[in-house]
Amino acid sequence: MDEGLFITVEGIDGSGKSTQVSMIKDYLSSLGWAVYVTREPGGTEISEKIRSILLDCKNKDMEPLTELFLFLASRAQHTMEVVIPHLKKGEAVVSDRYADSSVAFQGWGRKIGWELVENLNYVATFGIEPHLTILLDIPPELGQERLSLVQGKLFKDRMEGEKGEFHKLVRYGYLDLAKRHSNRIKVIDGTKSVSNVWSEIKHHIDELLTKRRNR
C-alpha cells in the first residue's frame, strides 16, 4: 500500500495518544495529505459493536482467547473496510492503536504469547503493516493517575480497570515490540510535555516522508 501513508499511535492507557493523534492529523493536513483518523478496537459499525463488548465491565469473566479473537475480528473488519480503501486512495490513515496493541495486551498482558498473536495479526490485517508506529511510553502508575484526572474520570472500562501488574506486563510487551521492530516503532518518553512529545513525533514523520521522497 505504498500509495498512502499509515501511521499508528500506541501506548498503555493514559499515555496521551488521543492528543498526539489529533496533532498528527493537523500536521499531515497542513502538508496537503487527505487524512483519515480511526481507532481500535472500532473504526467501523461492526467493529464498534465489538468494542462495546470488549470494554464492558460486565464482561469481567471473558476468557483471554475470546478477548483476543474479538480484537482480531474487529481488526479484520477495520482493515478491510477502512485502512486498505483509504490507503489505496493515496490518503494518510492515522489510527489510535492497531495490531501492536494485541501483542502487548493479549500476548503479554494476558500471557497468551507474542508469537501466536503476531501470527494471527498477520491474518487479521491481511498483511498490512504501518509505515510508522509511535509508542508513547509512560509508567503504568502515571497512566492510571492521568485516567483519573481526565474529565474527572472515575469510571474505567474493562481494560483500563485491570490491576497494576497487568499494565506493567503490557508496557514491557510494547518495549519488547519496539526492540524487535525498531525500524518501524519509535519510542517516545510520554512523561514529557505535550509540545516536546510532538516535536519528537514530527521529527519521525518528517524523516519518514523524506525517505519516501528519496527512494
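On a predicted model such as this, the values are computed, not experimentally measured, just so you know.

Okay, the overall build of the chain next. When helices and strands are counted, the chain shows eight helices and five strands. For the chain, the succession of helices and strands along the chain, N to C, is β-α-β-α-α-β-α-α-β-α-α-β-α. Its C-alpha atoms give the chain a radius of gyration of 16 Å, near enough to 17 Å, the size a compact globule of 215 residues would have. Here the chain holds 215 residues, and 49% of them are scored as buried. Expressed as a percentage of contacts within the chain between residues at least 6 apart in sequence, the contacts between residues at least 24 apart total 79%. Averaging the locations of the 30 positively and 31 negatively charged side chains of the chain gives two centres separated by 1 Å.

Under the criterion given, the structure shown has 16 salt bridges. With a shortest N-O distance of 2.6 Å, Lys 17 and Asp 96 are connected by a salt bridge. Of the two residues, Lys 17 sits in helix H1 (residues 17–30) while Asp 96 sits in strand S3 (residues 92–96), which places them 79 residues apart along the sequence. Take Lys 17 and Asp 96: they sit in the same class, and that class is buried. When the shortest N-O distance is used, the salt bridge between Glu 200 and Lys 192 registers 2.8 Å. One salt-bridge network, in which partners are shared between bridges, spans Glu 10, Asp 13 and Arg 97.

Our focus in this paragraph is the sheet that holds strand S4 (residues 132–137). A sheet is described by the order of its strands in space; here five strands give the open sequence S2-S3-S1-S4-S5, paired in parallel fashion. Of all the strands in the sheet, the pair left with one neighbour each is strand S2 (35–39) and strand S5 (185–189). Strand-to-strand twist in this sheet, taken as the mean axis angle between neighbours without regard to direction, amounts to 20 degrees. Pairing between strand S1 (residues 5–10) and S4: four bridges, direction parallel.

As a further point, take the nonpolar core. Counting residues in hydrophobic clusters, the biggest one holds 20 residues, and the most contacted among them are Leu 5, Ile 7, Ile 24, Leu 28, Leu 136, Ile 201 and Ile 205. Every element with two or more residues in this core is listed here: S1, H1, S3, S4 and helix H8 (194–214). What Ile 7 contacts, discounting residues up to four positions off in sequence, is Ile 24, Leu 28, Val 93, Val 94, Ser 95, Leu 132 and Ile 205. In terms of nonpolar packing, the next biggest core, distinct from the first, is built from 19 residues, Phe 105, Val 117, Ile 138 and Met 159 among them.

All chains considered together, the criterion is met by five aromatic pairs. Here the aromatic rings of Tyr 27 and Trp 198 are separated by 5.6 Å at their centres, their planes lie at 75 degrees, and the arrangement is edge-to-face. Within this pair, whereas Tyr 27 is found in helix H1, its partner Trp 198 is found in helix H8, the two being separated by 171 residues in sequence. A single burial state applies to Tyr 27 and to Trp 198, both of which are buried. Judged by centre distance (6.1 Å) and plane angle (55 degrees), the rings of Phe 105 and Phe 166 are tilted. Linking Phe 105 in helix H4 (residues 99–109) with Phe 166 in helix H7 (residues 164–180), this pair joins segments that are 61 residues apart in sequence. Residue class for Phe 105 comes out buried when judged on its relative accessible area of 6%. Among the aromatic residues, those joined into a ring-pair cluster are Phe 105, Phe 166 and Tyr 174.

Quick look at the pairing of S1 now. Of all six residues making up S1, six are buried, and the element is well covered by its neighbours. Of the two faces of S1, both are covered, the one formed by Leu 5, Ile 7 and Val 9 as well as the one formed by Phe 6, Thr 8 and Glu 10. The sheet contact formed by S1 and S3 spans five bridges and is parallel. Bridged to Leu 5 within S3 is Ala 92.

Attention shifts here to the packing of H1 against H8. The contact between H1 and H8 brings their axes to 11 Å, and the two run at 45 degrees. Judged by the inter-axis angle, H1 sits oblique to H8. Note that H1 runs across H8; the crossing there is right-handed. Of H8, the residues touching H1 (which contributes Thr 19, Gln 20, Met 23, Ile 24, Tyr 27 and Leu 28) are Val 194, Val 197, Trp 198, Ile 201, Lys 202, Ile 205 and Asp 206. Looking at the contact of H1 with H8, its residues break down into nine nonpolar, two polar and two charged.

Quick notes on the rules
Residues numbered from 1 in each chain as written. Predicted model: local features only at pLDDT ≥ 70, side-chain atom pairs only at ≥ 80, totals over all residues. Heavy atoms only, no water. Helix = DSSP H or I, 4+ residues; strand = E, 2+ residues; numbered from the N terminus. Rg over C-alpha atoms; globule rule 2.2 N^0.38 Å. Buried < 20%, exposed > 50% of the residue type's maximum accessible area, 1.4 Å probe, protein only. Contact = heavy atoms within 4.5 Å. Lys, Arg positive; Asp, Glu negative; His and termini not counted. Charge placed at Lys NZ, Arg CZ, Asp CG, Glu CD. Salt bridge = Lys/Arg side-chain N within 4 Å of Asp/Glu carboxyl O. Pairing = 2+ DSSP bridges. Axes fitted to C-alpha atoms, helices over the stretch in contact; angles between N-to-C directions. Core = buried A, V, L, I, M, F, W, Y, C linked by side-chain atoms within 4.5 Å. Phe/Tyr/Trp six-rings, centres within 6.5 Å; stacked < 30°, edge-to-face > 60°. Parallel < 35°, antiparallel > 145°, perpendicular 65-115°, else oblique. Left-handed = near helix turned anticlockwise from the far one by under 90°. Nonpolar A, V, L, I, M, F, W, Y, C, P; charged D, E, K, R; others polar.

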